[in-house]
Amino acid sequence: DMAWMGYIQFMQLAMNSGAVDSPSSWIGAYKTIQEEKWSALIDAQADCPFMRVTNPNAGAYSFWAAKEPAFGLDLYTFFWDSLGVEVPGYGYSFRGADPAAIYGEGLTTDDFVRMQLYRDVNVYLEVARRIGITCGDLDAAVPGFLSFNEWKAERESAQRRRLNDKEMSHEEQFASVKAVAPRLTDDEAHRMAANRVRRNLLAQRVNTECAKDGFAQSCVMEVYGRNGNDTPVKQGGKQAYVARKKTVQRRKMTHQERIKLLSEHSVHPKRALFGTEIEATQTLSDYSLATLDACTMKEANGGQFEICPPESFYWEHHPSVFGGYTGCVGENLLIPCGQDGFGGLSGMVTYQKPIIWNPETQTCEDTGYTPQTQLYWIRSGHPMDKYELIKRTGLNPVIKFPFVRGPYPSYSWGDEHGADEADLWPVMKDFLVYLGAHTEAQLEEFNGYPTEGAEQSMDLLFAAKALEFALTSCTRHFYIFTEAPGYGYDFAQAATWANTQASNFYANETCTCWPNCNEPTIEFTQVGWFPGTPFPSAPGGDGENYVATSSNYNSPWIETLVMPENPSGAIKIAQLPTYKRVCDGVYVYPMYFGHRNWRVPINEMQDCSGWAYSITKVYSAAFRAGLVSYRLDQPNFADAMTRMASLAGSGANGQVSDMTWMGYIEFMRLVMASGPIDSPTSWIGAYVEIMKEKYGALTDATTNCPFMELTNPGGGAYSFWIAKPPMYGLDLVDYFWEGFGVSAFSYNWGFRGADPADYYGPGVTINDFTRMQLYRDINVYHEVARRMQLACSGSAAEGFLTFDEYVASKTARRARKLSDGAMSREEHIADVKAVAAHLTDKQAARIADMRLNRDRFSRRISTECAAENFASSCIMNIEAEEKPAFEAI
């Protein structure tokens, strides 16, 4: 949400700032800035005898070409050695074309330089000053650097001696510089030598590693990320420059002293720099962050100023969307009319919602249905507790994003400039300690990276764990050990990421993959297991068979745990060694541990190689933010995590936004500042009370129910139901639709080969379970509980089947060996009316449509998602495509 909502808000900000030609509008000001940058550079290189800018005033980058005196001398080295400017040569961008055909005879791919124009304008004024010095007099030099003639002489001398600049040591580079410029100090010559070694190392690696990728930007950036600013220290071979840095006397400067120093050395000290001359356009009185949050919420008609019902919020659509509707929209899909948006526009009819949107008149219309008669979509875990959380805490949850940064993001997994997100993991550690999930000592053994959520974090963990073993062993087919029932991840994506490193996989004649060990053949198979049953086994890449619990390094097994498990709420006990286990911590919050007195049971938290965390299940899944942690004492795994994170966080896959990690930090601080977790008005404390009330309503309604039972009262984020003997084999999930009007998951695919009868008792099948999430507004569960209580007492809510009627219908259809999909709509209507004559024709038709929709959905899941281990991504894609069609309504 932060991506597209923020994009809209920024575009509106820019348009509202004034006409594009106005120098005070956002675009107009930017034009003025670019004109000033270009003007300085163009003036500085006018009549320059050895280089020219090829594209004056065109584009976001200045593109420089050598003139004849500099042909073949690698112009980009001049920028470093004579101007002190690091730029890319960009020779690879010609991609096989000959630049001489366009730019002139004699020019080679090494005679070009690209210099971006996104730094502050003062930077280009200073660069222009240096260009003017070297272009105006070929023997003149910027202090500490080479003149053009010195640079040219040194380059030609190296070429005559047939010295490859890229193979020269630090000492050789130092001597070569001093030979042409003895006036330079040793420190200056060492600095230049160290920069050359670093520059040449990076150029070599770009050429060797990125050629096969067509010099994709992601590859170039990844190479630069792995070989950043510390390279001169690590690779230079000479420590004089570093040693000098250590002897420099430093003192702590105040903010005012820093500003004064920078202003004094600015090219134009009168230019507004660091706020010294920026006039305040706003005056603030009675200002506080709480006031700012309240003002933000007042403008949004949310928080303490909420005007919309639960599961909706205030929004103003563009005139081309819903006719410019302004008012309360569903939190899902932003559909008009102030109610949940599940099912889309057709879902307003399908689920018998009280209000529908008429697209012809573009108005909201009353249907006559009420919350007591509508149907409820309670399937995937979309968090919808905002209304109750704000009401109970009194908070205005506002995340503030002042536009104060302009550059591309730099992350710890791969960028030459460092780690923007360095504060995220320390704050996350504080947050986990606050929640009572881990101790500070435990978390010192981990590091963490930002992600888009727990799903992506888990896929990264699987990819990295597989890569760790593929780089050091014969294993290519990995088996994911899961105590059933268990959640499914996107293993296909994890395999795709890991397989990008195939050329580096371990290869040996003893491997079953030989001679194709360096092919992208990593794959995953998820295997379910119940406690008390024999452990499964599988073949390893060395040809040996391994039981799942084997501690042998060559074992192909990896364990995954969700804490507490989805959907069972169980707190599972690890079976494999720690280095073979990755864990999902998306539910590690006190409100999901009602079976542990609403506390995270820190003594039952398993030891894992890595954890996935997210904001999703504590507030919002729309604001994507997560974190993946990994153990530092497993260096091969840590290295694999860095490789996978750099791939997942590349430009092509979507770089993590500032709004993601900054917002995550701000939200965690908001929660921690709201009070102790035991306080009913703190964020966590309020959420605990909400979950208590939901579980309480469902538990009370189904106590002594003759045909089903809640297996996990208080445990987990989902209510997990099991049939009792009268319902065995009759598809419990179907009765949730036909008896309660609730669309829920059967979760029969979650057992992943394990037989529930081995654990739950004889007669139980995989179709005797239902998962119903607990993220809808609290009133939804009170209504569902009302309907359940009626059904458990032998009756039924209006328009639905009693338990006996459902059993009679199901039994009759099976006696005739008819599947739901094999029956026509008319046959289903007749079947319903035969067992429930009290239903109207419209109500019977609605149940018929339910059956046909559910049958189509179930068949698609079983046929299309089996090959993907029933990954949540596959199931949710089908859900998005399968919009229910209810002809009767």
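Residues numbered from 1 in each chain as written. Predicted model: local features only at pLDDT ≥ 70, side-chain atom pairs only at ≥ 80, totals over all residues. Heavy atoms only, no water.

Caption draft 1: Up close: the confidence of the model for the chain. Considering every residue of the chain, the mean pLDDT works out to 88; 91% of them sit at 70 or more. In the predicted structure, residues 228-249 sits below a pLDDT of 50 and forms 26 contacts with residues beyond four places in sequence or in another chain. (pLDDT = per-residue confidence, 0-100. Contact = heavy atoms within 4.5 Å.)

Caption draft 2: Spatial organisation of the packing of helix α16 (residues 424-435) against helix α21 (residues 658-673). Running from N to C, α16 and α21 point in directions that differ by 30°, and their axes come no closer than 10 Å. By the angle between their directions, the pair α16 and α21 is classed as roughly parallel. The two elements α16 and α21 meet at a crossing, and its hand is left-handed. Mapping the contact onto sequence places Leu-424, Val-427, Met-428, Asp-430, Phe-431 and Tyr-434 in α16 and Trp-661, Tyr-664, Ile-665, Met-668, Arg-669, Val-671 and Met-672 in α21. Tallied by class, the residues present in the contact of α16 with α21 amount to 11 nonpolar, no polar and 2 charged. (Axes fitted to C-alpha atoms, helices over the stretch in contact; angles between N-to-C directions. Helix = DSSP H or I, 4+ residues; strand = E, 2+ residues; numbered from the N terminus. Parallel < 35°, antiparallel > 145°, perpendicular 65-115°, else oblique. Left-handed = near helix turned anticlockwise from the far one by under 90°. Nonpolar A, V, L, I, M, F, W, Y, C, P; charged D, E, K, R; others polar.)

Caption draft 3: Focus on the packing of aromatic side chains. Summed over the entire model, instances satisfying the criterion amount to 64 aromatic pairs. Ring plane angle 70° and centroid distance 4.9 Å describe the contact between Phe-50 and Phe-78, whose orientation is recorded as edge-to-face. Of this pair, Phe-50 sits in the loop between α2 (26-45) and β1 (51-53) while Phe-78 sits in helix α3 (residues 75-83), and the two are 28 residues apart along the sequence. Under the relative-accessibility criterion, Phe-50 is labelled buried at 1%. One cation-aromatic arrangement involves Lys-465 over Phe-637; the distance from NZ or CZ to the ring centre is 4.0 Å. The ring of Phe-469 carries Lys-580 above its face, with NZ or CZ at 4.1 Å from the centroid. (Phe/Tyr/Trp six-rings, centres within 6.5 Å; stacked < 30°, edge-to-face > 60°. Buried < 20%, exposed > 50% of the residue type's maximum accessible area, 1.4 Å probe, protein only. Lys NZ or Arg CZ within 6 Å of the ring centre and 35° of its normal.)

Caption draft 4: Main features of the state of the cysteines. On inspection of all chains with the given rule, the structure shows 8 disulfides. Here Cys-48 pairs with Cys-135 through a disulfide, and the sulfurs are 2.1 Å apart. Of note, the bridge from Cys-48 to Cys-135 carries an S-S torsion of about -70° and is left-handed in sense. Of this pair, Cys-48 sits in the loop between α2 and β1 while Cys-135 is found in helix α5 (residues 121-136), placing the two residues 87 residues apart along the sequence. Accessibility expressed as a relative area gives 1% for Cys-48, which makes it buried. The exposure class assigned to Cys-135 is buried, which follows from its relative accessible area of 10%. One disulfide in the model links Cys-583 with Cys-608; its S-S distance is 1.9 Å. Here Cys-583 and Cys-608 share a disulfide; its torsion about the S-S bond, -70°, makes the bridge left-handed. Residue Cys-583 is found in strand β15 (residues 581-584), and its partner Cys-608 is found in the loop between β15 and β16 (610-614); the two are separated by 25 residues along the sequence. (Disulfide = S-S within 2.5 Å.)

Caption draft 5: Seen up close, the sheet that holds strand β21 (residues 769-773). Sheet architecture is open: 3 strands sit in the order β18-β19-β21, paired in antiparallel fashion. Each edge of the open sheet carries a strand with a single partner, namely β18 (708-710) and β21. Each neighbouring strand pair of the sheet contributes to a mean axis angle of 25°, computed without reference to strand direction. Strand direction decides the pairing type here: strand β19 (residues 718-723) and β21, joined by 5 bridges, are antiparallel. (Pairing = 2+ DSSP bridges.)

Caption draft 6: View of the sheet that holds strand β3 (residues 112-116). Strand order in the open sheet formed by 3 strands is β1-β2-β3, and the pairing between neighbours is antiparallel. Edge positions in the open sheet fall to β1 and β3, since each of these has one partner strand only. Strand after strand, the sheet turns through a mean of 25° between neighbouring axes, direction not considered. Bridge analysis of strand β2 (residues 61-66) against β3 gives 5 bridges, and the strand direction is antiparallel. Its bridge partner being in β3, Phe-63 is matched across the sheet by Arg-114.

Caption draft 7: Expanded view of the side chain of Asp-831. For Asp-831, the location among the structural elements is in helix α27 (residues 825-835). Asp-831 gets classed as buried once you look at its relative accessible area, which sits at 8%.

Caption draft 8: Expanded view of the pairing of strand β17 (residues 626-631). With 6 of 6 residues buried, β17 is to be regarded as a mostly interior element. The alternating pattern of β17 places Gly-626, Val-628 and Tyr-630 and Leu-627, Ser-629 and Arg-631 on opposite faces, both of which are buried. Pairing analysis gives 6 bridges linking strand β9 (residues 446-451) to β17, with the strands arranged antiparallel. Paired with Thr-451 across the bridge in β17 is Gly-626. In this sheet, β17 lies alongside β16 in antiparallel orientation, the contact comprising 5 bridges. In the strand pairing of β17, Trp-611 is matched with Ser-629.

Caption draft 9: Representation of the pattern of salt bridges within the structure. One pass over the structure, following the stated rule, counts 48 salt bridges. Between Arg-851 and Glu-738 there is a salt bridge, with the nearest N and O atoms lying 3.0 Å from each other. You can see Arg-851 sitting in helix α28 (residues 841-864) and its partner Glu-738 sitting in helix α23 (residues 732-740), a full 113 residues away along the chain. When its relative accessible area of 0% is taken as the criterion, Arg-851 is described as buried. (Salt bridge = Lys/Arg side-chain N within 4 Å of Asp/Glu carboxyl O.)

Caption draft 10: A look at helix α22 (residues 683-702). Taking 1.5 Å per residue, 20 residues should reach 28 Å; α22 reaches 29 Å between its end C-alpha atoms and fits that length. Within α22, 14 of the 20 residues are buried, which leaves the element mostly enclosed by the surrounding structure. (Expected span 1.5 Å × (residues − 1).)

Caption draft 11: The nonpolar core, seen in detail. Core analysis: the largest hydrophobic core is formed by 159 residues, its most contacted members being Ile-684 and Met-772. Excluding its chain neighbours within four sequence positions, the residues that come into contact with Ile-684 are Tyr-434, Leu-435, Tyr-589, Pro-590, Met-591, Val-618, Val-671 and Ile-677. Core analysis: the next-biggest nonpolar cluster, separate from the first, contains 44 residues, Val-87, Leu-146, Phe-148 and Phe-174 among them. (Core = buried A, V, L, I, M, F, W, Y, C linked by side-chain atoms within 4.5 Å.)

Caption draft 12: Expanded view of the packing of α3 against α5. Viewed as axis vectors pointing N to C, α3 and α5 meet at an angle of 100°, and their least axial separation amounts to 11 Å. On the basis of the axis angle, α3 is roughly perpendicular to α5. Contacts from Phe-78, Ser-82 and Leu-83 in α3 reach Arg-130, Ile-131 and Thr-134 in α5. When the residues that make up the contact of α3 with α5 are grouped by side-chain class, the tally is 3 nonpolar, 2 polar and 1 charged.

Caption draft 13: A look at the environment of Gly-486. Position of Gly-486 relative to the elements: it lies in the loop between β10 (477-483) and α19 (491-499). Sequence separation between Gly-486 and Ser-24 is 462 residues, and the spatial gap between their C-alpha atoms is 58 Å. Look past the residues within four positions of Gly-486 in its chain and what remains in contact with it is Glu-565, Asn-566, Tyr-747, Gly-750 and Arg-752.

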